[in-house]
Amino acid sequence: MAISLRQLRYFVATAELGQISQAAIDLSISQSAITTAIKELEQTVGAGLFIRTPHGMDLTAAGRQFLSHAYEILKKVDEATHLNVVNNEVEGVLTVAATYTVIGYFLPLHIERLRRLFPKLEIQLFELTRESIEEGLLANRYDMSVLLTSNILNPSLVTEKVLSSTRRLWVPAQHHLLQAESVGLAEIAEEPYIMLTVDEAAHSSLKYWSASSYQPQVILRTSSVEAVRSLVANGQGVAILSDMVHRPWSLEGRRIETINVRDTIPAMDVGLAWRKNIDLSPQMLAFRAYFQQAFHLPGNAR
């Protein structure tokens with residue numbers, strides 16, 4: 001039996017989210033469609049890919065190995081179908097500034113693709129805070145930036161969103177909130193809370209907490225996403241963070257589950273920024289066109 005891209009996508013979503021129900025919501029399909037696809041994959045591969053538990057789906061050793069292959073296949077298909085961008089003969093230097101979260105969890109794959117697509121284009125990458133990026137763009141030290149556009153308020157900059165990453169509640173496996181029909185800030189406020197501070201995460205978090213009648217019981221503030229991941233996985237607290245930085249396992253190999261929050265939590269927007277009222281250079285146009293085509297975006301700068 002041949003393996004289909006649909007089966008691979010369903011498998012990857014289940015592996016990443018750890019639950020068929022969550023994968024079905026994320027993919028806007030039925031749970032039975034995912035269950036059938038996984039069974040077909042297991043028959044084709046000749047090995048079990050998941051261990052079914054009362055709390056979700058855990059990868060087997062074969063499942064972990066298959067996930068690596070699935071990522072590679074889907075990556076190649078994406079490159080083959082979505083990356084027909086501008087003339088790859090563009091050359092020169094492009095200086096790009098990015099924030100910590102973007103460099104750590106979003107940009108590396110795209111920089112790799114850009115360098116393959118435009119072998120004559122030298123991309124010089126800098127990691128900076130949002131404030132330093134804004135000042136650097138206006139001072140003409142950087143051509144463009146990739147950062148959390150939802151944090152930019154400077155009217156002298158143009159921003160273009162390429163991705164909105166939903167924020168959800170992170171909890172350890174078997175946490176009691178996984179049994180609740182729905183979870184809101186009222187229930188989350190009763191739990192010990194780990195507050196991420198990097199890239200103004202604490203400021204963004206406090207904006208939606210302040211709009212509610214509740215406050216988080218913060219037991220630790222940290223600039224490390226990995227610290228949050230480990231603390232949550234080991235049952236020390238919960239956190240609300242975006243899907244972009246979520247991984248289902250901590251460094252210790254413990255499971256991290258996500259729960260949708262019924263209260264309004266703004267997504268984390270990632271995108272490009274550059275100085276207003278300038279003519280974009282060929283290098284900047286190539287960089288922008290790549291992201292527009294990779295994420296199927298119209299021209300939406302503001």
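Keep in mind that what you see is a predicted model, and the values were worked out from it rather than measured.

**Notes on helix 3 (residues 31-45)**
Then, number 1: The end-to-end C-alpha distance of helix 3 is 21 Å, a good match for the 21 Å that 15 residues give at a rise of 1.5 Å each.
Then, number 2: Within helix 3 the residues assigned to the buried category are Ile34, Ala37, Ile38, Leu41 and Glu42. What you see down the axis of helix 3 is that its buried residues fit within an arc of 135 degrees, all on one side.
Then, number 3: Gly46 sits one or two positions beyond helix 3 and adopts a positive phi of about 85 degrees.

**Observations concerning the sheet that holds strand 4 (residues 121-127)**
Then, number 1: Read from one edge to the other, the open sheet built from five strands follows the order 4-3-5-12-6, with strand pairing classed as mixed. This sheet does not close on itself; its edge strands, each paired only once, are strand 4 and strand 6 (157-165). The mean inter-strand angle of the sheet, taken between neighbouring strand axes irrespective of direction, is 20 degrees.
Then, number 2: Bridge analysis of strand 3 (residues 92-98) against strand 5 (residues 144-148) gives three bridges, and the strand direction is parallel. By the bridge assignment, Ala98 is partnered in strand 5 with Val146.
Then, number 3: Docked against the sheet, helix 7 (residues 130-138) engages strand 3, strand 5, strand 6 and strand 12 (268-275), running at close to 155 degrees with respect to strand 5.
Then, number 4: The sheet contacts of helix 11 (residues 282-294) involve strand 3, strand 4, strand 5, strand 6 and strand 12, and relative to strand 3 the element is tilted by about 55 degrees.

Thresholds, definitions, all that
- Residues numbered from 1 in each chain as written.
- Predicted model: local features only at pLDDT ≥ 70, side-chain atom pairs only at ≥ 80, totals over all residues.
- Heavy atoms only, no water.
- Helix = DSSP H or I, 4+ residues; strand = E, 2+ residues; numbered from the N terminus.
- Expected span 1.5 Å × (residues − 1).
- Buried < 20%, exposed > 50% of the residue type's maximum accessible area, 1.4 Å probe, protein only.
- Arc of directions from axis to C-beta.
- Pairing = 2+ DSSP bridges.
- Axes fitted to C-alpha atoms, helices over the stretch in contact; angles between N-to-C directions.
- Contact = heavy atoms within 4.5 Å.

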